[in-house]
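Structural overview
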Amino acid sequence: MLRRSIGLAATFVLLAAGPGLAQSWETPTFFSPRPHDDLGAYIVRPDYGDWGVQGIWRQSAGINLGVRGGIGGRSGDRTVLIGAELFGPLSLEGTAPLSLYWVTGIGASIDGVTRLRIPVGVSVGVPLGSGGTMITPYVHPRVAFDVKTSETANGDETDTDIEIDIDIGADFEIADRWVLRFGYRLGSNDVLGIGFAFRVGRGVSVR
């Protein structure tokens, strides 16, 4: 009886959390509040899935824009992850030495079911060090609006949900142009990620 009750409880928890178990396109965000022009490659591992890969390009001046793409999910049942983000600095009196950036975006994860997600949040961190050696630990809480579309016998079915996620991470600037990034997303499906980003030098313009 006890074993059956535990099994039923576990099934209920999984069903209740089901929409959130899929890996979302922006997890981990790998977004510290010190963005640069860079191109990064990362490996990620969700609790409910196998190792995957992500690539992220960011442009941090003029138009603060980032785009990303990747593969997640499980072996034999992969999920395509695509998305774009916008971000900008927040200058709030009395927050020094904290660095703050607002971040939003739109993207989708596709694996037979399409999950559209629009997250809105703030990345908060403290740059430590000086010169060529900098470490920036940060937290990135956000609220996300999710829309899930799937095909059923009665046609397309759409569900909506609101989720709260929190990323913790750190940037380690290990050379003039190289950054080691670590990120961990806390939520219904925890996701671990690590990788490197290369800072792209700006071209010289003549006026």
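So, how was this worked out
Residues numbered from 1 in each chain as written. Predicted model: local features only at pLDDT ≥ 70, side-chain atom pairs only at ≥ 80, totals over all residues. Heavy atoms only, no water. Helix = DSSP H or I, 4+ residues; strand = E, 2+ residues; numbered from the N terminus. Buried < 20%, exposed > 50% of the residue type's maximum accessible area, 1.4 Å probe, protein only. Contact = heavy atoms within 4.5 Å. Areas by Shrake-Rupley, 256 points an atom, 1.4 Å probe, with all protein chains shown as cover. Salt bridge = Lys/Arg side-chain N within 4 Å of Asp/Glu carboxyl O. Phe/Tyr/Trp six-rings, centres within 6.5 Å; stacked < 30°, edge-to-face > 60°. Core = buried A, V, L, I, M, F, W, Y, C linked by side-chain atoms within 4.5 Å. Pairing = 2+ DSSP bridges.

It is worth spelling out the overall build of the protein chain at this point. Counting its regular elements, the protein chain contains one helix and eleven strands. Listing the helices and strands of the protein chain from first to last along the sequence gives α-β-β-β-β-β-β-β-β-β-β-β. Of all 207 residues assigned to the protein chain, the portion counted as buried reaches 38%. Sequence separation of at least 24 residues holds for 50% of the intrachain contacts in the protein chain that already meet a minimum separation of 6. As presented, the protein chain carries roughly 11300 Å² of accessible surface, and 65% of it is formed by carbon and sulfur atoms.

On to the pattern of salt bridges, then. Applying the stated criterion to the full structure yields 14 salt bridges. The closest approach of N and O atoms between Glu-163 and Arg-185, which form a salt bridge, is 3.8 Å. Pair noted here: Glu-163 is in strand E9 (residues 155-173) and Arg-185 is in strand E10 (residues 178-186), with a separation of 22 residues, a long-range link. Grouping residues by exposure puts Glu-163 and Arg-185 together as buried. One network of salt bridges, in which partners are shared, links Glu-26, Arg-117, Arg-142, Asp-146, Glu-163, Asp-165, Asp-167 and Arg-185.

Throughout the structure, instances matching the rule amount to five aromatic pairs. The rings of Phe-31, Phe-87 and Tyr-101 are connected pair by pair, giving a single aromatic cluster.

Residues Phe-30, Tyr-42, Val-44, Ile-56, Val-179, Val-191 and Ala-197 constitute the largest nonpolar core, which totals seven residues. For Ile-56, the contacting residues outside a window of four places in its chain are Thr-29, Phe-30, Asp-38, Leu-39, Gly-40, Tyr-42, Val-67 and Arg-68.

What follows deals with unusual backbone geometry. Residue Pro-28 follows Thr-27 across a cis peptide bond; omega there is -15 degrees. Structurally, Pro-28 is set in the loop between helix H1 (2-21) and strand E1 (38-46). Positive phi, normally seen in glycine, also occurs at Phe-30, with a value near 50 degrees. With respect to the helices and strands, the residue Phe-30 is situated in the loop between H1 and E1. Overall, Phe-30 belongs to the buried group, its relative accessible area being 1%.

Our focus in this paragraph is the pairing of strand E3 (residues 65-74). Direction of pairing for strand E2 (residues 52-59) relative to E3: antiparallel, over a ladder of seven bridges. Across the sheet, the residue bridging to Trp-57 is Val-67, located in E3. Turn length for the E2-E3 hairpin, with the two strands adjacent in sequence and antiparallel, is five residues, and the turn residue Gly-62 shows positive phi of about 75 degrees. As paired strands, E3 and strand E4 (residues 77-90) are joined by ten bridges and run antiparallel to one another. Opposite Leu-65, over in E4, you have Leu-86 as the bridge partner. Counting the residues between successive antiparallel strands, the hairpin from E3 to E4 contains two residues, one of them, Gly-76, with a positive phi of roughly 85 degrees.

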